[in-house]
Amino acid sequence: MSARSDGAGDVRTAELAAALAALRERIAAACAAAGRDPDGVRLLPVTKTFPAEDVARLVDLGQAEFGENKEQEAGPKAAELARLRPGAPARWHMVGRLQRNKARAVVRWAGVVQSVDSPRLADALVRAVAAAREAGERSEPLDVLVQASIDGDPARGGCPLPDLPALADKIAQSGELTLRGVMAVAPREMTPDAAFSALATAADRLRNDHPSAVELSAGMSGDLEQAIAHGSTWVRVGTALLGGRRLASP
Ligand SMILES: *Cc1c(COP(=O)(O)O)cnc(C)c1O
């Protein structure tokens, strides 16, 4: 296999192009089954454990937004992409659990933080965005999604559904964060259908209170069809696009 990443012709680029085409077909079929417009569902490649060269290939194939789950992996990768594809309009989404002491670092590379799951993390991000603005590193509020815990199990992160409205209100009042919607991972003990149905109800309620909260980030490689049936606007896909992850994220 060629190690080149500077042209559209290498083997890996062809592999990614084929996977992208297959995913677009899956998304289109799920939208047709749900009676939805395919333009209402976007694909977010989750590039954790894969090198910046693969992100560059996805940029060459027309992708512009990418998800990562670890601050210490994503920051250097975003910088490396900027070196490989200067001026490429890439926007990075933090989709993983975020410690409050990483807030200052994450706002340097993330355009969106999808994993805001507590008032204390929201406070840390507010302070980080304010500091970044004062340092001249950013001028815009940070787009955020609240991460919901559908089964209320605190071990995996996410805000229990009953606490979501208060967290959303806090974010909406902050001035530094813009509430864009809700994100969740379906718990293993529930069927995806039951999980995404409960999530959709919570997302509808949030949208009533906060008109900017239009996004529902739900569905991954194994359950994107069920998520689309329940209104997902972002499907976050790793393995079905990039292949199996041999290593855990560093
Ligand atoms: C890794 C990851 C994904 C993608 O998972 P796949 O099953 O590989 O598609 C989606 N969301 C989050 C939060 C992740 O960490």
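Described in the following lines is the structure provided in the data block. Worth saying up front: this structure is predicted, and the values here are computed from it rather than measured. Counting starts from 1 at the beginning of each chain's written sequence and moves along it residue by residue. Residue-level local features of this predicted model are given only where pLDDT is at least 70; pairs of side-chain atoms are given and counted only at 80 or more, and the full residue set underlies all totals for whole chains, interfaces and linings. Excluding hydrogens and water, the side-chain figures rest on all heavy atoms present in the structure.

1. Some points on the overall build of the chain
- Broken down by element type, the chain carries nine helices and nine strands.
- In terms of principal-axis extent, the alpha carbons of the chain reach across some 50 × 50 × 30 Å.
- Classification of the 250 residues of the chain by burial places 49% in the buried group.
- Sequence separation of at least 24 residues holds for 66% of the intrachain contacts in the chain that already meet a minimum separation of 6.
- Shrake-Rupley sampling with a 1.4 Å probe provides the accessible areas, and residues are treated as covered by the protein chains on show and by no other component. Total accessible area on the chain stands at roughly 11,300 Å², and carbon and sulfur atoms take up 52% of it.
- Positive and negative side-chain charges in the chain, numbering 31 and 32 respectively, have mean positions lying 4 Å apart. Where helices and strands are cited, they refer to DSSP runs of H or I of at least four residues and of E of at least two residues respectively, numbered from the N terminus. Buried residues are those whose accessible area, probed at 1.4 Å on protein chains only, stays under 20% of the maximum for their type, while exposed residues exceed 50% and partly exposed ones sit between those limits. Whether two residues are in contact is decided by their heavy atoms: any pair within 4.5 Å suffices. Only four residue types enter the charge count: Lys and Arg as positive, Asp and Glu as negative, with His and the chain ends excluded. The atom standing in for a charge is NZ when the residue is Lys, CZ when it is Arg, CG when it is Asp and CD when it is Glu.

2. With respect to the packing of aromatic side chains
- Ring geometry is summarised as follows: Phe, Tyr and Trp rings, the Trp one being its six-membered ring, pair when their centres sit within 6.5 Å, and such pairs are stacked at plane angles under 30 degrees, edge-to-face over 60 and tilted between the two. Taken as a whole and judged by the stated rule, the model has one aromatic pair.
- Relative to W92, the ring of F66 lies with its centre 5.6 Å away and its plane at 45°, an arrangement referred to as tilted. Of this pair, F66 sits in strand 2 (residues 65-68) while W92 sits in strand 3 (residues 91-94); the two residues are 26 residues apart in sequence, bridging distant segments of the chain.
- Residue W92 is classed as buried on the basis of its relative accessible area, which comes to 4%.
- A ring has a charge above it when a Lys NZ or an Arg CZ is no more than 6 Å from the ring centre and no more than 35 degrees off the ring normal. The lysine or arginine in question, R42, covers the ring of W234, its NZ or CZ lying 4.1 Å from the ring centre.

3. Focus: the layout of surface pockets
- Buriedness of a pocket was judged along seven lines, with at least five required to meet protein on both sides within 12 Å; pockets are open sets of points on a 1 Å grid over the protein atoms alone, cavities are sets where a 1.4 Å probe fits but cannot get out, and lining residues have an atom within 4 Å of a point. Grid points are joined across faces, edges and corners, and a volume is the space filled by probe spheres set on the points. In this structure, the largest pocket occupies an estimated 860 Å³ of space.
- Along the wall of the largest pocket there are 32 residues; nearest its centre are K48, N69, V95, G96 and V185.
- Secondary-structure elements contributing two or more residues to the lining of the largest pocket are helix 3 (71-84) and strand 5 (142-149).
- Ranked by residue count, the leading element in the lining of the largest pocket is strand 5, at three residues.
- Gly is put with the polar residues, along with every residue not named as nonpolar or charged; the nonpolar set is Ala, Val, Leu, Ile, Met, Phe, Trp, Tyr, Cys and Pro, and the charged set is Asp, Glu, Lys and Arg. In the lining of the largest pocket, the residues fall into 11 nonpolar, 10 polar and 11 charged.

4. Here's the deal with the packing of helix 2 (residues 52-60) against helix 3
- Running from N to C, helix 2 and helix 3 point in directions that differ by 55°, and their axes come no closer than 9 Å. By the criterion of interaxial angle, the relationship of helix 2 to helix 3 is oblique. Crossing geometry of helix 2 relative to helix 3 is assigned as right-handed. From helix 2, A52, E53, V55, A56 and V59 reach across to helix 3, where they touch K77, E80, L81 and L84. For helices, the fitted axis covers only the stretch in contact; all axes are lines through C-alpha atoms, and the angles between them, taken along N-to-C directions, range from 0 to 180 degrees. Here the angle decides the label: under 35 degrees means roughly parallel, over 145 means roughly antiparallel, 65 to 115 means roughly perpendicular, and every other value means oblique. By convention, the crossing between two helices is left-handed when the near helix turns anticlockwise from the far helix through less than a right angle, and right-handed when the turn is clockwise.

5. Some words on the site of the ligand
- By convention in this text, a residue qualifies as near a molecule or strand provided that one of its non-hydrogen atoms is within 4 Å of it. If you check the shell around the ligand, you find V46, K48, V95, M220, S221, R236, V237, G238, T239 and R245 and nothing else.
- A distance of 2.9 Å is found between a nitrogen atom of the ligand and a side-chain nitrogen or oxygen belonging to R236.
- Polar contacts, as used here, are pairs of N or O atoms within 3.5 Å; protein pairs need one atom able to donate a hydrogen and one able to accept it. Residues neighboring in sequence count only if both atoms are side-chain atoms. Between an oxygen atom of the ligand and a main-chain N or O atom of T239, the distance comes to 2.8 Å.
- Each molecule is assigned to a cavity or pocket provided more than half of its atoms lie within 2 Å of the corresponding grid points. Mapping the ligand onto the cavity grids shows that it belongs to the largest pocket.
- Of the residues assigned to the shell around the ligand, the class counts are four nonpolar, three polar and three charged.

6. A word on the side chain of D223
- Within the element layout of this structure, D223 appears in the loop between strand 8 (215-217) and helix 8 (224-229).
- Salt bridges are defined by distance alone: a side-chain nitrogen of Lys or Arg within 4 Å of a carboxyl oxygen of Asp or Glu. It is R236 that comes nearest to the buried, bridge-free D223 among opposite-charge side chains, at 6.9 Å.
- There is a polar contact of 2.7 Å between the side chain of D223 and the backbone nitrogen of M220.
- If sequence neighbours within four positions are ignored, D223 has contacts with A186, P192 and F196.

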